[in-house]
Amino acid sequence: MTYIRYEPFNLLDRLHRKVSRLGAYDSLANELADDDSTNVVVNHWRPAVDIKEEDKQFVIRADIPGVDPKDIEITMEAGILSIKGERTVEEKDESGGYKRIERARGTFYRRFSLPDTADVEKIEARGKDGVLDIVLPKHKNVQPRRITVNS
């Protein structure tokens, strides 16, 4: 069996990259950043995430290389788990000879709806080697049950 990565916003990401190359996006992003009245969180990049359901827990694994785990903000509100942070770049070296830069930098923001079976009081997060692991234990007393349909 072959797994295919599903990216529902892939077309929007491709459009975003093409517009960014033209330079038009930078001026729009600067306008939004200067406006303190906006509540919009702007993503500069989106880390890849795997979500796995196990017998007793859910595991969210995110690739966030170059970000110190202490600088990652994880919040839980109204059944939504949010991951937010920023990958910064050291001073730009014009003499470095770069011909192409593909590694994304800037802010990221991901949100996930949690199932009712997740025990939000016992969520744990660990970061090591550029990978963030968030473990969401399941409630012990909530077991799936099959409901028969009577005719």
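Residues numbered from 1 in each chain as written. Predicted model: local features only at pLDDT ≥ 70, side-chain atom pairs only at ≥ 80, totals over all residues. Heavy atoms only, no water.

Enquirer: I'd like a description of the overall build of the chain, backed by residues and values.
Expert: Scanning the chain for helices and strands turns up two helices and seven strands. Counted from the first residue to the last, the chain has its helices and strands arranged as α-α-β-β-β-β-β-β-β. Partitioning the intrachain contacts of the chain with sequence separation of at least 6 by distance along the chain shows that 54% fall at a separation of at least 24. Accessible area for the chain stands at about 12800 Å²; split by element, carbon and sulfur atoms hold 48% of it. (Helix = DSSP H or I, 4+ residues; strand = E, 2+ residues; numbered from the N terminus. Contact = heavy atoms within 4.5 Å. Areas by Shrake-Rupley, 256 points an atom, 1.4 Å probe, with all protein chains shown as cover.)

Enquirer: Mind laying out the pattern of salt bridges, listing which residues take part and the relevant values?
Expert: One pass over the full model with this rule turns up six salt bridges. A salt bridge links aspartate 68 to lysine 70; the nearest nitrogen and oxygen atoms lie 3.8 Å apart. On the basis of relative accessibility, which here comes to 32%, the residue aspartate 68 falls in the partly exposed class. Residue lysine 122 pairs with aspartate 119 through a salt bridge whose shortest N-O separation is 3.9 Å. (Salt bridge = Lys/Arg side-chain N within 4 Å of Asp/Glu carboxyl O. Buried < 20%, exposed > 50% of the residue type's maximum accessible area, 1.4 Å probe, protein only.)

Enquirer: Give me the packing of aromatic side chains: which residues, what numbers.
Expert: Counted by the stated rule, this structure contains zero aromatic pairs. Of note, lysine 138 hangs over the ring of phenylalanine 58, and the distance from its end group to the ring centre comes to 5.0 Å. (Phe/Tyr/Trp six-rings, centres within 6.5 Å; stacked < 30°, edge-to-face > 60°. Lys NZ or Arg CZ within 6 Å of the ring centre and 35° of its normal.)

Enquirer: I'd like a description of the sheet that holds strand β3 (residues 73-77), backed by residues and values.
Expert: Here we have three strands laid out as an open sheet, ordered β3-β4-β5, and antiparallel in their pairing. The outermost strands of the open sheet, each flanked by one partner alone, are β3 and β5 (106-113). Neighbouring strand axes in the sheet, compared pairwise and without regard to direction, differ in orientation by 15 degrees on average. Direction of pairing for β3 relative to strand β4 (residues 80-87): antiparallel, over a ladder of five bridges. Paired with methionine 76 across the bridge in β4 is leucine 81. (Pairing = 2+ DSSP bridges. Axes fitted to C-alpha atoms, helices over the stretch in contact; angles between N-to-C directions.)

Enquirer: Got a sec to walk through the environment of arginine 87? Specific residues and values, please.
Expert: Structurally, the position occupied by arginine 87 is in strand β4. The contact partners of arginine 87, leaving out residues within four places of it in the chain, are Trp45, Pro65, Gly66, Val67, Ala104, Arg105 and Gly106. Here proline 65 takes part through its backbone oxygen, which lies 2.7 Å from a polar atom of the side chain of arginine 87. (Polar contact = N/O pair within 3.5 Å; in protein donor to acceptor, adjacent residues only side chain to side chain.)

Enquirer: Run through the sheet that holds strand β2 (residues 57-63), naming residues and quoting values.
Expert: Judged by pairing direction, the sheet is antiparallel, and its four strands sit side by side in the order β1-β2-β7-β6 without closing on themselves. Every interior strand has two partners, whereas the edge strands, β1 (49-53) and β6 (124-128), have only one. Neighbouring strand axes in the sheet, compared pairwise and without regard to direction, differ in orientation by 15 degrees on average. Across five bridges, the pairing between β6 and strand β7 (residues 131-137) is antiparallel. What sits directly across from glycine 127, in β7, is leucine 132.

Enquirer: I'd like a rundown of the nonpolar core, residues and numbers included.
Expert: Of all hydrophobic cores here, the largest spans 16 residues; its most connected members are Ile64, Ile72, Ile83, Phe108, Leu132 and Ile134. Within the residue set of this core, elements represented by two or more residues are β2, β4, β5 and β7. Among all residues touching isoleucine 134, those that are not within four sequence positions of it are Phe58, Val59, Ile60, Ile74, Leu81, Ile83, Ile123, Glu124 and Ala125. (Core = buried A, V, L, I, M, F, W, Y, C linked by side-chain atoms within 4.5 Å.)

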